[in-house]
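# A look at the structure
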Amino acid sequence: MRKPAFTLVELMITVAIIGILAAIASVSYSGVRTRARDAQRINDLNQIKVVLSTYYAAQTPQVYVSAPSAVTVDGSTDALSLALEPNYIREMPVDPLNTGSNIYKYQSANSAKAFTLFGTFENKENKKGWNGGSVWVVDGYRVQND
């Protein structure tokens, strides 16, 4: 009497099915990570907006973080980080990838009502973003002071 065993064809079919499922899971996981980073960008920029509002309200006389041209928020040497850390925010948020076009930008015309924060989405299908018209923000997100 022979012991029941798997045939080579059955093993190959099993391996193929596992491979297909792994490929589907990997693509799905990549999309989830992209959407999570985009959500983090929105939260970061809104957090900076609140911190800037708190900073402006605390200044007597009012002193603004001036940046007539857009500056990159690097979390250490930019004008925004130097003004806000550590008294108003423990650590300035930076883009989750923080490379290439995936960076945060800050611009202000010396007025609390005129600052703008920018970030770039990875998910180009995201319709909540600002479809901008500049070199460094394309299919991105823009936050302005209320």
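Since we're looking at a predicted model, the values are computed, not measured. (Residues numbered from 1 in each chain as written. Predicted model: local features only at pLDDT ≥ 70, side-chain atom pairs only at ≥ 80, totals over all residues. Heavy atoms only, no water.)

Here we take up the overall build of the chain. For the chain, the count of helices and strands is two helices and four strands. Helices and strands in the chain line up, N terminus first, as α-β-α-β-β-β. Of all 146 residues assigned to the chain, the portion counted as buried reaches 32%. Here the chain displays about 9300 Å² of accessible surface, and carbon together with sulfur accounts for 59% of that area. (Helix = DSSP H or I, 4+ residues; strand = E, 2+ residues; numbered from the N terminus. Buried < 20%, exposed > 50% of the residue type's maximum accessible area, 1.4 Å probe, protein only. Areas by Shrake-Rupley, 256 points an atom, 1.4 Å probe, with all protein chains shown as cover.)

Turning to unusual backbone geometry, a few remarks are in order. The omega angle of the peptide bond from Glu-85 to Pro-86 is -10 degrees, so this bond is cis rather than trans. With respect to the secondary-structure elements, Pro-86 resides in the loop between α2 (79-84) and β2 (104-108).

Confidence in the prediction of the chain, expressed as mean pLDDT, is 77, and 79% of residues score 70 or more. Highest mean pLDDT in the chain belongs to helix α1 (residues 8-58) (86); lowest belongs to strand β4 (residues 140-144) (59). Scored below 50 in pLDDT, residues 131-139 makes 18 contacts in the model with residues more than four places away or belonging to other chains. (pLDDT = per-residue confidence, 0-100. Contact = heavy atoms within 4.5 Å.)

Close approach of charged atoms allows side chains with opposite charge to pair. If you walk through the whole model with that rule in mind, you get two salt bridges. The salt bridge partner of Arg-41 is Asp-38, with a shortest N-O separation of 2.8 Å. One end of the pair is Arg-41 and the other is Asp-38, both in helix α1 and three residues apart, which spans about a single turn. Per residue, the accessibility class of Arg-41 equals that of Asp-38, and both read buried. The closest approach of N and O atoms between Arg-41 and Asp-95, which form a salt bridge, is 2.5 Å. With Arg-41 in helix α1 and Asp-95 in the loop between α2 and β2, this pair connects stretches of sequence that are 54 residues apart. As far as the burial class goes, Arg-41 and Asp-95 line up, both buried. (Salt bridge = Lys/Arg side-chain N within 4 Å of Asp/Glu carboxyl O.)

Here we come to a nonpolar patch on the surface. Residues Val-9, Ile-13, Ile-17, Ile-20, Leu-21 and Ile-24 make up a contiguous nonpolar surface patch of about 590 Å² in total accessible area. Relative to the elements of secondary structure, Ile-17 occurs in helix α1. (Patch = residues over 30% accessible without salt bridge, like charges linked within 9 Å, V, L, I, M, F, W, Y side chains within 5 Å.)

Let's shift gears to the packing of aromatic side chains. A full pass over the atoms with the stated rule returns two aromatic pairs. Note on Tyr-55 and Tyr-88: the rings are 5.1 Å apart at their centroids and 85 degrees apart in plane angle, and the pair reads as edge-to-face. Here the residue Tyr-55 occupies a position in helix α1, and Tyr-88 occupies one in the loop between α2 and β2, the gap between them amounting to 33 residues. (Phe/Tyr/Trp six-rings, centres within 6.5 Å; stacked < 30°, edge-to-face > 60°.)

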